[in-house]
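A look at the structure
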Amino acid sequence: MIPPAFDYARPTSVDEAVHTLADAGEEAKVLAGGQSLLPLLRLRLAFPELVVDVGRIPELRGVREDGDTLVIGALTTHHDVIRDPLVRRHAGLLAAATATVADPAVRHRGTLGGSLAHADPAGDLPAVALALDAELVAAGPDGRRTIPAREFFLDYLQSALAPDELLVEVRVPKTGGWGFHYEKFHRAAQAWAIVGVAALVRRDDGHIAKARIGLANMGSTPLRATRTEEALSGADGPAAVARAAEAAAEGTRPAQDVSASPEYREHLARVLTRRAVLNAGGMG
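Residues numbered from 1 in each chain as written. Predicted model: local features only at pLDDT ≥ 70, side-chain atom pairs only at ≥ 80, totals over all residues. Heavy atoms only, no water.

**Overview of the pairing of strand β7 (residues 143-148)**
Along a regular strand, successive side chains alternate from one face of the sheet to the other. Here is the rule: The criterion for strand pairing is that DSSP finds at least two bridges linking the strands in question. Going along the chain from the N terminus, every DSSP run of H or I of four or more residues is numbered as a helix, and every run of E of two or more is numbered as a strand.
In the sheet, strand β6 (residues 135-140) pairs with β7 via six bridges, with the strands oriented antiparallel. Paired with Ala 138 across the two strands is Arg 145, which belongs to β7. Between β6 and β7, which follow one another and run antiparallel, lie two residues.

**Examining a negative patch on the surface**
Basically, it comes down to this: Like charges are joined within 9 Å and nonpolar side chains (Val, Leu, Ile, Met, Phe, Trp, Tyr) within 5 Å, but only among residues with over 30% relative accessible area and no salt bridge; these make up the patches. Every accessible area reported is derived by Shrake-Rupley at a probe size of 1.4 Å, with residue values counting cover from the shown protein chains alone. We define a salt bridge as a side-chain nitrogen of Lys or Arg found within 4 Å of a carboxyl oxygen belonging to Asp or Glu. Neither His nor the chain ends contribute to the count of charged residues, in which Lys and Arg are positive and Asp and Glu negative. To locate a charge, the coordinates of NZ of Lys, CZ of Arg, CG of Asp or CD of Glu are taken.
The grouping of Asp 7, Glu 26, Glu 27 and Glu 49 at the surface amounts to a negative patch. Note on placement: Glu 49 falls in the loop between α2 (37-42) and β3 (50-53).

**A look at the packing of helix α11 (residues 238-245) against helix α12 (residues 262-280)**
How two helices pack is summed up by the angle between their axes together with the distance between the axes. Selection rule: Fitted lines through C-alpha atoms serve as axes, helices being fitted only where they are in contact, and the angles separating the N-to-C directions of these axes extend from 0 to 180 degrees. Handedness of a crossing follows from how the near helix is turned relative to the far one, being left-handed for an anticlockwise turn of less than a right angle and right-handed for a clockwise one. In what follows, a contact means two residues having at least one pair of non-hydrogen atoms within 4.5 Å. Only Asp, Glu, Lys and Arg are considered charged in this grouping, and only Ala, Val, Leu, Ile, Met, Phe, Trp, Tyr, Cys and Pro are considered nonpolar; every other residue, Gly among them, is considered polar.
Two numbers describe how α11 lies on α12: the axes approach to 9 Å, and their chain directions differ by 145°. Our pair here, α11 against α12, has a crossing hand that is right-handed. Contact residues: Pro 238, Val 241, Ala 242 and Ala 245 in α11; Arg 270, Thr 273, Arg 274, Val 277 and Leu 278 in α12. The class makeup of the residues in the contact of α11 with α12 is six nonpolar, one polar and two charged.

**Structural notes on the sheet that holds β3**
Strand order in this open sheet of three strands is β1-β3-β2, and the pairing throughout is parallel. Every interior strand has two partners, whereas the edge strands, β1 (7-9) and β2 (28-31), have only one. Each adjacent strand pair in this sheet contributes to an overall mean axis angle of 25°, direction not counted. Where β2 and β3 come together, four bridges link them in parallel fashion. Among the inter-strand pairings, Ala 28 is bridged to a residue of β3, identified as Leu 50. Set on the sheet, helix α1 (residues 14-24) makes contact with β1, β2 and β3; between it and β3 the angle comes to about 170°.

**Here we look at the packing of aromatic side chains**
The description of an aromatic ring pair uses the distance of the two centres, along with the angle that the planes make with each other. The following threshold applies: Pairing of aromatic rings covers Phe, Tyr and Trp, the last counted by its six-membered ring, and requires centre-to-centre distances within 6.5 Å; plane angles under 30 degrees mean stacked, over 60 mean edge-to-face, and any other angle means tilted. In this scheme, a residue with accessible area under 20% of its type's maximum is buried, one over 50% is exposed, and one in between is partly exposed, where area comes from a 1.4 Å probe on protein chains only. Either the NZ atom of lysine or the CZ atom of arginine qualifies as a charge over a ring when it sits within 6 Å of the ring centre and within 35 degrees of the ring normal.
Within this structure, the stated rule accounts for two aromatic pairs. A centroid spacing of 5.1 Å and a plane angle of 85° characterise the contact between Phe 152 and Phe 153, whose relative ring orientation is edge-to-face. For the pair Phe 185 and Tyr 264, a centre-to-centre distance of 6.4 Å together with 85° between the ring planes defines the contact as edge-to-face. Here Tyr 264 lies in helix α12 and Phe 185 lies in strand β11 (residues 179-185), a separation of 79 residues in the sequence. For Phe 185, a relative accessible area of 30% corresponds to the partly exposed category. Across from the ring centre of Trp 178, 4.7 Å away, lies the NZ or CZ of Arg 212, which sits over that ring.

From the geometry alone we can't say anything about function, so treat these as descriptive.
Written out as structure tokens, the structure is:
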């Protein structure tokens, strides 16, 4: 389909982008890699008066270290996230999950910040950001503010970003010493996950000392499987992991759609959580 008509702006700095968004109010949409926005425009599910293309702002790209944290520019493509040596060394879960996003064409154009700002609960990377305890940095007319991932996703396709704010970077704590695994079930290689599970596991003396688990497509936002995280403390083998995974769907509200019923998604959450934790903990 042909998208509705809109005006177009291409700022060359973060400050210019923020001023452009502030002037446009709620009638503007940000274009990064375009892999989320363009389908909405073609299907006429979004009707912006102005599209603000931030793809030419160099300071929004790249990965750097800041002590125990990785700082990843919002415009860093999925392809570059996967290949970056700092991400592979210090945030392996992010690299592994990003490698499962869509297909190579999408990964070369799509961006980490664009995926997170889109706030689709079926997306792979919002659940990963939750499991990693990531922080998202937004720039606005009053300066920059840092938003924990657990506060960033508000509802279906709704984030904590104000209309005049731009996501500029993602801060990811280093996870050295943690095992990780991303497990998802989907009907086709390029399709959204029917359910996805991002698992981080830290072991001590043969048992699980701590676990963090993010769930994709189990509600109107990505979620943490907190009951399972608590039950995994002290787990020392596959049987204990399986028992803890039975609580993975507690507190979730999965949708009913053409892909799956809520009950089937709850079943998948339990099965995939068990697999993800066993692999992350080296017990698979």
